[in-house]
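# Commentary on secondary and tertiary structure
The lines below spell out each chain.
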Amino acid sequence: MARDLNQNVFVAGHRGMVGSAVVRRLQALGYASILTAGRDELNLLDQAAVQTYFQANKIDQVYLAAAKVGGILANNSYPADFIYENLIIEANVIQAAHSSGVQKLLFLGSSCIYPKHAQQPMKEEALLTGMLEATNEPYAIAKIAGIKLCESYNRQHGRDYRSVMPTNLYGPHDNFHPENSHVIPALLRRFHEAVQRGDAEVVIWGSGTPMREFLHVDDMAAASVHVMELDRASLNVHTTPMLSHINVGTGKDCSIRELAETVAHVTGFQGRLIFDSSKPDGTPRKLMDVGRLNALGWKATIALENGLHDTYRWFVDNQNLIRA
């Protein structure tokens, strides 16, 4: 698709980690009309309000990055909130986009859509082939529904609504809450505070052996715009109407021990790392197969250590934004 920098592009969820990265990417490319609306301006859970917003703004493209997100504890504690709010947000935005004539939309999902015991690395074809991880099943179900909403509007109405499924993301504007954050922001904060206190050791949950893949959010944003701008014919070579989503990742993983050692280096922690094997490890490995995305002309560029340095700088510089 030829890039039209004058189109009205709506980024839903622009204050979140992913949405803010998409806005930065679009700005860097020179898009002149990027529309955003915070919760104080537009409640995405309110169907009528979303419909009114779309009708009033003559939107050409939508990046649907808005979502209720959280770690294992949050997903376990509030499963109804996670499935309800995510279903309503995506349904409201996708229906409003369609009814107001928006032809192009990109839905951002999550790697948790895949079965708990999916073959590694996880291919797009693994979707709906097995049981999901119980701790975040409601969130995953909502994200699967988002994929199928896009596919259904394409099949019934001829829309061009696409979906990308990122691996574990990190970067500026991440959630660094001590209890509700994911592993990278949690470790960055823990090691930072250990350095500040002069601690001799840092305890990490689990054995350190599970393998995980991590993608910097700026790479995710670059991949999202790349997929949005692909010519439809070239995209159709690699997707089908009922299997249209595209994995986004690095195609490489590392152990939690290796991650912790790198975070220690980035934060300047020189003490001991203690791995508490009495705590759960979770899934042994989660790695995305990114062959489809690579074939479509995109590969990740930000190395993990470089991305961790960038994220740590943002954390240190934005202590006033970090929730206690």
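For the structure given in this document, a descriptive report is provided here. Since we're looking at a predicted model, the values are computed, not measured.

Under the definition given, this model contains 14 salt bridges. Of the charged contacts in the structure, one is a salt bridge between Lys104 and Asp160, with a shortest N-O distance of 2.9 Å. Placement of the pair is Lys104 in strand 4 (residues 104-108) and Asp160 in strand 5 (residues 160-166), with a sequence separation of 56 residues.

Right, let's get into the packing of aromatic side chains. By the definition in use, this model includes nine aromatic pairs. Centroid distance Phe191 to Phe269: 5.3 Å. Interplanar angle 70°. Geometry classified as edge-to-face. Of this pair, Phe191 sits in helix 6 (residues 183-197) while Phe269 is found in the loop between helix 9 (256-267) and strand 12 (272-276), placing the two residues 78 residues apart along the sequence. The same class applies to Phe191 and to Phe269, which are both buried. Aromatic pair Tyr312 and Phe315: ring centres 6.4 Å apart, planes at 20°, arrangement stacked.

It is worth spelling out the layout of surface pockets at this point. Of the pockets and cavities examined, the second largest pocket occupies roughly 310 Å³. Around the second largest pocket, the lining is made up of 19 residues, and of these Phe214, Thr250, Lys252, Ile302 and Leu304 lie nearest the centre. Ranked by residues supplied to the lining of the second largest pocket, first place goes to strand 9 (residues 214-216) with three residues.

Formed by 41 residues in total, the largest nonpolar core has its most connected members in Phe10, Phe54, Val62 and Leu105. Setting aside anything within four residues of it in sequence, one finds Leu105 in contact with Val62, Val93, Ile94, Ala97, Cys150, Asp160, Tyr161, Arg162 and Met228. Formed by 31 residues, the second largest nonpolar core is a distinct cluster that contains Tyr63, Val164, Val227 and Ile246.

Next up on the list: unusual backbone geometry. Residue Gln120 is joined to Pro121 through a cis peptide bond whose omega torsion reads -10°. Structurally, the position occupied by Pro121 is in the loop between strand 4 and helix 5 (137-157). Residue Lys58 is not a glycine yet carries a positive backbone phi of 50°. The topology assignment puts Lys58 in the loop between helix 2 (47-57) and strand 3 (61-64).

This part takes up the pairing of strand 4. For strand 4, the buried fraction is high: five of the five residues fall into the buried class. Of the two faces of strand 4, both are covered, the one formed by Lys104, Leu106 and Leu108 as well as the one formed by Leu105 and Phe107. As judged from the four bridges shared by strand 3 and strand 4, these two strands associate in the parallel manner. Residue pairing in the sheet places Leu64 in a bridge with Phe107 of strand 4. The β-α-β motif built from strand 4, the intervening helix 5 and the parallel element strand 5 has right-handed crossover chirality.

Thresholds, definitions, all that
Residues numbered from 1 in each chain as written. Predicted model: local features only at pLDDT ≥ 70, side-chain atom pairs only at ≥ 80, totals over all residues. Heavy atoms only, no water. Salt bridge = Lys/Arg side-chain N within 4 Å of Asp/Glu carboxyl O. Helix = DSSP H or I, 4+ residues; strand = E, 2+ residues; numbered from the N terminus. Phe/Tyr/Trp six-rings, centres within 6.5 Å; stacked < 30°, edge-to-face > 60°. Buried < 20%, exposed > 50% of the residue type's maximum accessible area, 1.4 Å probe, protein only. 1 Å grid on protein atoms, 1.4 Å probe; cavity = no way out; pocket = protein on both sides within 12 Å on 5 of 7 lines; lining within 4 Å. Points joined across faces, edges and corners; volume = space filled by probe spheres on them. Core = buried A, V, L, I, M, F, W, Y, C linked by side-chain atoms within 4.5 Å. Contact = heavy atoms within 4.5 Å. Pairing = 2+ DSSP bridges. Right-handed = clockwise from strand over helix to strand, strands pointing away.

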